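Structural overview for review
Spelled out from the first residue to the last, the chains are:
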Protein chains: 2
Amino acid sequence: MKIHFKSSLISFFIAVYSLFECLYCQQEKTPNIIIIFTDDLGYGDLGIQGHPSIQTPYIDQMAREGQRWTNFYVAANVCTPSRAALLTGRLPIRSGTDTNEGARVFFPNSAGGLPPEEITIAEILKKKGYKTAAIGKWHLGHLPEFLPTNQGFDSYFGIPYSNDMNPTTNLTHAEANADPKIEYFNVPLMRNEEIIERPAQQNTITKRYTEEAQKFIVENKENPFFIYLAHNMPHVPLFASDDFLGTSKRGLYGDVVEELDWSVGEVLKTVKEYDLEKNTMVVFTSDNGPWTVLNVNGGSPGPLYGAKATSYEGGMRVPAIFWWPGKIEPDVIMDIGSTLDLLPTISKISGASLSQDRNYDGYDLSATLIENKKSSREEMFYYHGTNVFAARKGDYKLYFYENNPNGYPEKLGKLDELKLFNIQKDPSERFNIIEEFPEVVKEIKKLLKEHQKNVHPGENQMIKKI
Amino acid sequence: MKIHFKSSLISFFIAVYSLFECLYCQQEKTPNIIIIFTDDLGYGDLGIQGHPSIQTPYIDQMAREGQRWTNFYVAANVCTPSRAALLTGRLPIRSGTDTNEGARVFFPNSAGGLPPEEITIAEILKKKGYKTAAIGKWHLGHLPEFLPTNQGFDSYFGIPYSNDMNPTTNLTHAEANADPKIEYFNVPLMRNEEIIERPAQQNTITKRYTEEAQKFIVENKENPFFIYLAHNMPHVPLFASDDFLGTSKRGLYGDVVEELDWSVGEVLKTVKEYDLEKNTMVVFTSDNGPWTVLNVNGGSPGPLYGAKATSYEGGMRVPAIFWWPGKIEPDVIMDIGSTLDLLPTISKISGASLSQDRNYDGYDLSATLIENKKSSREEMFYYHGTNVFAARKGDYKLYFYENNPNGYPEKLGKLDELKLFNIQKDPSERFNIIEEFPEVVKEIKKLLKEHQKNVHPGENQMIKKI
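Residues numbered from 1 in each chain as written. Chains lettered and ligands numbered in written order. Predicted model: local features only at pLDDT ≥ 70, side-chain atom pairs only at ≥ 80, totals over all residues. Heavy atoms only, no water.

1. Some remarks on helix 12 (residues 438-453) of chain B
In this model, helix 12 of chain B (16 residues) spans 23 Å end to end at C-alpha, consistent with the 22 Å of a helix rising 1.5 Å per residue. Each element contacted by the buried residues of helix 12 of chain B is listed here: strand 11 (379-384), strand 12 (387-393), strand 13 (396-402) and strand 14 (413-422) of chain B. (Helix = DSSP H or I, 4+ residues; strand = E, 2+ residues; numbered from the N terminus. Expected span 1.5 Å × (residues − 1). Contact = heavy atoms within 4.5 Å.)

2. Regarding the pairing of strand 4 (residues 155-158) of chain A
Where a strand is regular, its side chains alternate between the two sheet faces. Residue and element names in this part refer to chain A. Both strand 3 (residues 131-136) and strand 4 contribute to a ladder of three bridges, which runs parallel. Bridging across to strand 4, Ile 135 finds its partner in Phe 157. Relative to strand 5 (residues 189-191), strand 4 runs antiparallel, the two sharing two bridges. Note that in strand 5 the partner of Phe 157 across the bridge is Arg 191. (Pairing = 2+ DSSP bridges.)

3. Let's talk about the interface of chain A and chain B
Listed by partner, the interface residues are 34 residues for chain A and 34 residues for chain B. Approximately 2,800 Å² of surface area, both sides summed, lies buried where chain A meets chain B, with 57% of it carried by carbon and sulfur atoms. For the chain A face of the interface with chain B, the top three residues by lost area are Pro52(A), Lys249(A) and Met334(A), together amounting to 24%. Where chain A touches chain B, the interface holds two salt bridges. Here Asp335(B) makes a salt bridge to Lys249(A), at a shortest N to O gap of 3.7 Å. In this structure, the connection of chain A to chain B is made through eight residue pairs in polar contact (both at pLDDT 80 or more). Split by residue class, the side of chain A that touches chain B holds 10 nonpolar, 15 polar and nine charged. (Buried area = accessible area lost by both parts, 1.4 Å probe. Salt bridge = Lys/Arg side-chain N within 4 Å of Asp/Glu carboxyl O. Polar contact = N/O pair within 3.5 Å; in protein donor to acceptor, adjacent residues only side chain to side chain. Nonpolar A, V, L, I, M, F, W, Y, C, P; charged D, E, K, R; others polar.)

4. Focus on the nonpolar core
Judged by nonpolar contacts, the single largest core of 76 residues is most densely connected at Ile35(A), Phe226(A), Tyr228(A) and Met281(A). Ignoring sequence-local partners within four residues, the contact set of Met281(A) consists of Asn32(A), Ile33(A), Ile34(A), Phe322(A), Trp323(A), Trp324(A), Ile328(A), Ile346(A), Ile349(A) and Leu369(A). Ranked by size, the runner-up nonpolar core spans 75 residues in total, among them Ile35(B), Ala84(B), Leu91(B) and Leu398(B). (Core = buried A, V, L, I, M, F, W, Y, C linked by side-chain atoms within 4.5 Å. Buried < 20%, exposed > 50% of the residue type's maximum accessible area, 1.4 Å probe, protein only.)

5. Some points on the packing of helix 2 (residues 57-65) of chain A against helix 8 (residues 252-273) of chain A
Residues and elements named next belong to chain A. One can describe the packing of helix 2 onto helix 8 by two numbers: an axis separation of 7 Å at closest approach and a directional angle of 50°. By the angle between their directions, the pair helix 2 and helix 8 is classed as oblique. Residues Pro 57, Tyr 58, Ile 59, Gln 61, Met 62 and Glu 65 of helix 2 form the contact with helix 8, whose own contacting residues are Asp 261, Trp 262, Val 264, Gly 265, Leu 268 and Lys 272. Partitioned by chemical class, the residues of the contact of helix 2 with helix 8 number seven nonpolar, two polar and three charged. (Axes fitted to C-alpha atoms, helices over the stretch in contact; angles between N-to-C directions. Parallel < 35°, antiparallel > 145°, perpendicular 65-115°, else oblique.)

6. Quick look at the relation of the copies chain A and chain B
Least-squares fitting of chain A to chain B yields an RMSD of 0.0 Å, with the superposition described by an axial translation of 0.0 Å and a rotation of 180°. What the rotation and shift describe, once combined, is the action of a two-fold rotation axis. For chain A, the residue whose C-alpha comes nearest the rotation axis is Gly50(A), separated from it by 2.1 Å. Comparing interface residues between copies, 100% of those in chain A also sit at the interface in chain B, which points to an isologous, same-surface contact. (Least-squares fit on C-alpha atoms with pLDDT ≥ 70 in both.)

7. Describing the sheet that holds strand 11 of chain B
Residue and element names in this part refer to chain B. Reading across the sheet, the four strands line up as 11-12-13-14 and stay open at both edges, with antiparallel pairing between neighbours. One side of each edge strand has no neighbouring strand; the edge strands of this open sheet are strand 11 and strand 14. When the angles between neighbouring strand axes are averaged without regard to direction, this sheet yields 15°. Note: strand 12 against strand 13, four bridges, orientation antiparallel. When the sheet's bridge partners are listed, Lys 393 is paired in strand 13 with Tyr 396.

8. Topic: the sheet that holds strand 5 of chain A
Residues and elements named next belong to chain A. Across the sheet, 10 strands lie side by side as 6-5-4-3-7-1-8-9-2-10; this open sheet has mixed pairing. Of all the strands in the sheet, the pair left with one neighbour each is strand 6 (194-197) and strand 10 (331-338). Taking each pair of neighbouring strands and ignoring which way they run, the sheet shows an average axis angle of 20°. Judged from the six bridges that link them, strand 3 and strand 7 (residues 225-230) form a sheet pairing that is parallel. The residue bridging Lys 131 from the neighbouring strand is Phe 225, located in strand 7. Of the strands in this sheet, strand 1 (32-38), strand 7, strand 8 (280-286) and strand 9 (320-323) are in contact with helix 8, which crosses strand 1 at around 175°.

9. Some details on the environment of Asp275(B)
Among the secondary structure elements, Asp275(B) is positioned in the loop between helix 8 (252-273) and strand 8 (280-286). Look at Asp275(B) and you get exposed, because its relative accessible area is 63%.

Quick look at the structure:
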């Protein structure tokens, strides 16, 4: 009898303990993080962002279930520096990944990369026991020492730079991309540090990246995990799988974006299938504005002015959605945010600590995401190379430079007379109001001066060649 | 006993009859119709259409619950002819409500109006026993014979023309509208055929139109009813009530649009409160593109090219939402539709018959709305005055004229070399592809020729002055 009673009591305590432990684990479990990053997708290229002939029902639903930010910026208007900033939470100038001299992105003959001493989101999460995967475009150095597996990722599957590189054709870039063929672009597909396919069969690349992400989710459903899913699309050359080719009213560009939309739907479906949605934050955003000089093969900035390779709004403001059911309430946020903020935000919500030996340029946005508070970011510096093209404080954006609004050919020039815009009242940047707000001009100039005191250029990685 | 049994039997049959009658009435009851029509709201001015700093949660929700059309057109790029077309299902040229000579909208010194022999939606619904109300801007003639009460409406409450007319100030139009005051615009507010307030207290006009609509819904909840709720806003001068003034990040224009959004929410709330939503179709759209020359006091065409008073897409493509829970499934439609189609569509769903003595230019869209079929409209003629500025067939739009893309000052000129655009692939109309598609050009020219055979200009109403 006594033993029996005791064992019942033990069972009871085990049951109670399990209950509490489980409640505790539900509450405190470090969340999974998935960043879905598209390439050259414009501010206006989604249904939810107002595109009239591209259908993106899955991303639209993600936006309705999550928080959509309408004033969200990348830290650079082209690929390489934008990615460096997202992964490190630091301005590209600090890591030497943007330049005023020549090409601003890595090419197959580049010898540089994101310096290994930079600390990526993957590296801070590794310390917290996360499993980490980089899937897709890297573009932060393709020599072994710069690859994702040397920057905190357990695995890598993808094309290490832009999908239009290593051309094998004598056609011009515009011609080759107007009617693209796989064999025109001899880009490698890598698994970790090995090339496994060349040229990458780009027509199935979105599909394969998606499957890779789904597989990783399933394999790591018991761990906290981090997936950096950086699609090569819709950067030219545009390739869609047979399921999507010729199906969009927007033409090939629309086919490609609609396949990306499908991909987002698949990833979220897998997260839900394994009951991970309450414990997984998914972020969707893009690396810079649309490459509008590519005719109908480039995207749309929507109502914004400018394009990829410019620091006008259309070049640096991107779609941004944060999804985490039960944790992030559905909302539309018109405060300022940036990909620079992802590292500090993820650090906060995962409990990972930041290294104290360096300056960060990001803000922790978790109070806005989770507690409905004002964004902690109130300013933005629009770098172009190592120059600050413009600076924003609150609703006001002050321009120090001008450029070709289509980005290419670049016509960067210092303005003799600065220009000021209220980009909430005038999001298309049509009305220069510098005469009306001398105080604002003074304030932004001061802000910039303060900012620049703490910014020291890192060793230029972009000019190093093999 | 016998009598008792008989009376029980009668009660039983009455009960059964009532049950069936009620089921029948539920199924076959003619639906209520509410058309919410805004003034100068641009394609890009709603959250759901991609605006980054205007919040429209109620309209966005209406769109998510209903069918949103992304290729929906008005029949004219300015106010008066656009309204004539919506209410009659006929091109303005037929009713003499657009012109190539002078002002294209009615002014306080106009002696013309929509001819009484034109048959409006209200008139066809009156014959089916509907109670009908016009609330808001009329702009189809302000002399007694042209007022809503002589065009099929049981009642009228509103400002009979644009809210910027009858200026009392020596300021320029731009100056008066940059910092508007109620007393600058001596416009009348009418109840039926009487002026009840002058100048109309425009700061509460959106609120009062809304309340009037809600009151009419409640009073007519047992009848089929038709409400034509044509807001004066966001046409300049911009006025918002104290509840909205200074609340939007987009400034005064945003305050005004956000109050319109509130208004839509209120109307739908009342429809739901009285359990009418399964039997009420609500349409939301706008009369023409945004008045962009008004600086930040004009709206945004989003990604589209052009503005009010142009026949570019930004001038004539408008937001359009059809809402009828349980009948119209949530969807985004990229086929072509037009305000011209509202009369035939409403005629179909209400069972009202069309007069056989005249040509209509609209298509019945009910099969798309209710049965998920392809739109019956496959073309659009972009009239400007009595000229056809451009014509669309399928995805292609052929231009015969050009204009100042901002609308004002008008610079209408016949093109020496026509231009062709694929406006699904290229919604911003950036790439003229006329050289590539000679067959399409031929086909559209033929279509236009056929169309014009059956179009005969009505007596010009616009040139008649008091």
